[in-house]
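Residue-level listing of the chains:
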Amino acid sequence: MQKILSYYLKPYYFRMSIGFIIKFVGSIMDLCLPWILAYMIDTIIPIQDKSKIYLWGLMMIVCSFLAVSFNIIANRMASKVASEATEHIRNDLFKKVMYLSDAYIDTYTKPSLMSRLTTDTYNVHQMIGRMQRLGVRAPILLIGGIIVTLTLDPVLACVLIITLPFLVWIMLKVSKRSIPMYTQLQQSIDHFVRIVREDISGIRVIKALSKEDYEKKRFEKINDEVVAQEQKAGMIMAIIDPSVSVIMNLALVGVLTVGAFRVDSGLSEVGKILAFMTYFTIILNAMISISKMFIILSKAIASANRIDTILALEDDMEVIEILKDYEDENIATDKAVNEGYHIVFEKVSFAYNQGEEEDLKDISFYIKPGETLGILGGTGAGKSTIVSLLLRFYDVKEGRILIDGRDIRSIPLQELRSKFGVAFQNDMIFEDTILENVNLGRNLSEEEIQEALLYARAKEFVEQKTNNLEEALDIKGANLSGGQKQRILIARALAAHPEILILDDSSSALDYQTDAMLRQELSSHFKRTTKIIVAQRVSSIMQADHIIVLEEGRMIGYGRHDELMAQCDSYRQISASQMGGVA
Ligand SMILES: Nc1ncnc2c1ncn2[C@@H]1O[C@H](COP(=O)(O)OP(=O)(O)OP(=O)(O)O)[C@@H](O)[C@H]1O
């Protein structure tokens, strides 16, 4: 919490200091008003000097005006600082999340990262704003009020001061219990976000399977959990306000009783008692503001700690100076460089969950520039995992992956990923035009985009749209068919003529004829691009230069189509089941 605040508020210290001074002067003006009133009642009115009455009346108007305007100016400055500082926090957090490895994303989960970016940054924003507004004003009014009451009548002031330790004790006790509760509440909100996200994204399948009631119950359960956590924290927090009021009102009774005796015995005056009552209200309000700040502070501390956890994550995808033990052996590097291999997997093993059985085991293959690798295998065989490792979404557990003879862990991530054009199955279509969905911020020319749409066999249906390339797509491509979506995604992957093209099960939504035409386009127009095609259909990869057959994370076949037909039983069976006589 402290780290976040000191780091992100540092650039605003000067503006905050000016705001503090303005707020300070405004609050002092507020404190002057009852004092002037008491002075007028006890000193000016009894001597009936009209000019002095007008003068001090004017002083009261000037003080009120200054108090209001200084407060407005300081509040505006505080809001600006709060939103700008939060903007920086949000930007840094977003950047961090964008560059997080998939291993971290698996650990912290997407819903939790989303609520850290939204609810948690909102809580911190609230706190920065309130701290500058009430956090300055309330203590000034509290301390200033006590000082003025001490000068007015020290005995009465002591009656007030006696109550303060009780108030501070209550606030500290309550916030000590509430901070962990707000942390728990945020965790429940993460869970809530996950359920809502699943339900909204999966609304069609929920309807199709008539699972509305089941999902309603699931939603109600997590909603109840959030409400229960909120109420638990709220119950504790609810102690503060009434306790402050009760203690302060008891003090007021004490002040009035003692005051009455003192006026009666000539030790004090009526005007002072009246001023005391006003100061009392000011002090009471200041205490209530401080107690409210404790609520916001409790939430914000929990949130700031959650944000800090992400910001402080060590980069587990750092670029390393490869790799002592391999340098000694140097075998694959020589082979990769001397024989001009583009992509090399060398004895690669990987497990998503450490300690558990490997999801990929001992995978090796060598591909030259412009060649095509087909990856075939049943569901869960590890096809997409090979792609994730090549893109360095995760780091290998054993072995290594080379591109142009360089271990990918030694290539800066941006440089590495700029080599790829990738289309995943069910990849994201953004709520934007077709043009921007293909371009994706890469400043491609319209010709390049048209060409990519042509190769991906998407040009025809795009031209039928009223606005052509400027046609707006709904989020996740809700206004496109499955095949149309897939073609836009393939066009996106092809558009920049990448060095390496990955089509991860992305032709499965295409009909056989379109799939065949796409392969034709790839072999005619992407001769220099190295292609990796993950597929369930043998027909999609049978022309490939190399084919890997995967089963439960292991390579059970490697070769060309005819070699695999001769040597690999599984491949032959898959081929026969899909293509019958053709196989
Ligand atoms: N993020 C993850 N965390 C833990 N395990 C995972 C994760 N992603 C995949 N797995 C597991 O790794 C194995 C291989 O998954 P992978 O996605 O590579 O299979 P696939 O061959 O691409 O399957 P499909 O054709 O069904 O997409 C599976 O057993 C899967 O359960």
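Because the structure is a prediction, the values reported are computed rather than measured. Here the residue index of a chain counts from 1 through its sequence in written order. Totals for whole chains, interfaces and linings use all residues, but because this is a predicted model, local features are given only for residues with pLDDT of at least 70 and pairs of side-chain atoms are given and counted only at 80 or more. Think of the side-chain values as coming from all heavy atoms in the structure, minus any hydrogens and water.

1. A few points about the confidence of the model for the protein
Here the protein averages 86 in pLDDT, while 95% of its residues score no lower than 70. Scoring the predicted complex yields pTM 0.71 and, for the interface, ipTM 0.95. Each residue carries a pLDDT value, the predictor's own confidence for that position, ranging from 0 to 100.

2. A closer look at the site of the ligand
In the neighbourhood of the ligand, 13 residues make up the surrounding shell, with Thr379, Gly380, Lys383, Ser384 and Thr385 lying closest. We define a polar contact as two N or O atoms separated by no more than 3.5 Å, with the added condition that, inside protein, one atom must be a possible hydrogen donor and the other a possible acceptor, whereas residues neighbouring each other in sequence contribute only through side-chain atom pairs. Here threonine 379 contributes a side-chain N or O atom positioned 2.5 Å from an oxygen atom of the ligand. Between an oxygen atom of the ligand and a main-chain N or O atom of alanine 381, the distance comes to 3.1 Å. Computed with a 1.4 Å probe, the accessible areas rest on the Shrake-Rupley method; for each residue, only the protein chains presented here act as cover. Bound to the protein, the ligand loses 63% of the 640 Å² it would expose on its own. Nearness is judged by heavy atoms alone; a residue qualifies as near a molecule or strand once a single heavy atom is within 4 Å of it.

3. As for helix H13 (residues 383–390)
Buried means the residue's accessible area, taken with a 1.4 Å probe over protein chains only, is under 20% of the maximum for its type, while exposed means over 50%, and partly exposed covers the values in between. The way it works is that DSSP assigns letters per residue, a run of H or I at least four long becomes a helix, a run of E at least two long becomes a strand, and they are numbered from the N terminus. Where burial is concerned, most of H13 is hidden: seven out of the eight residues are buried. When we look at burial in H13, the residues that qualify are Lys383, Thr385, Ile386, Val387, Ser388, Leu389 and Leu390. Just beyond H13, the residue with positive phi is arginine 392, at close to 55°.

4. Details of a nonpolar patch on the surface
A cluster of nonpolar side chains, namely Phe20, Ile21 and Phe24, defines an oily patch on the protein surface of about 280 Å² accessible area. As for its position among the elements, phenylalanine 20 is in helix H2 (residues 13–47). We classify phenylalanine 20 as partly exposed; its relative accessible area is 40%. The patches described consist of residues with a relative accessible area above 30% and no salt bridge, like charges being joined within 9 Å and nonpolar side chains (Val, Leu, Ile, Met, Phe, Trp, Tyr) within 5 Å. By definition here, a salt bridge exists when the distance from a side-chain nitrogen of Lys or Arg to a carboxyl oxygen of Asp or Glu is within 4 Å.

5. Topic: the packing of aromatic side chains
Working definition: a ring pair exists when centres of Phe, Tyr or Trp rings (six-membered ring for Trp) sit within 6.5 Å. Plane angles under 30 degrees give stacked, over 60 give edge-to-face, the rest tilted. Across all of its chains, the model carries 13 aromatic pairs by this definition. Measuring from ring centre to ring centre gives 5.5 Å for phenylalanine 192 and phenylalanine 219, while their planes differ by 50°; the resulting arrangement is tilted. In this pair, phenylalanine 192 sits in helix H6 (residues 154–201) while phenylalanine 219 sits in helix H8 (residues 212–237), placing the two residues 27 residues apart along the sequence. Looking at phenylalanine 192, the relative accessible area reads 23%, which means it is partly exposed. Site record: aromatic cluster; members linked through ring pairs are Trp35, Tyr39 and Trp56.

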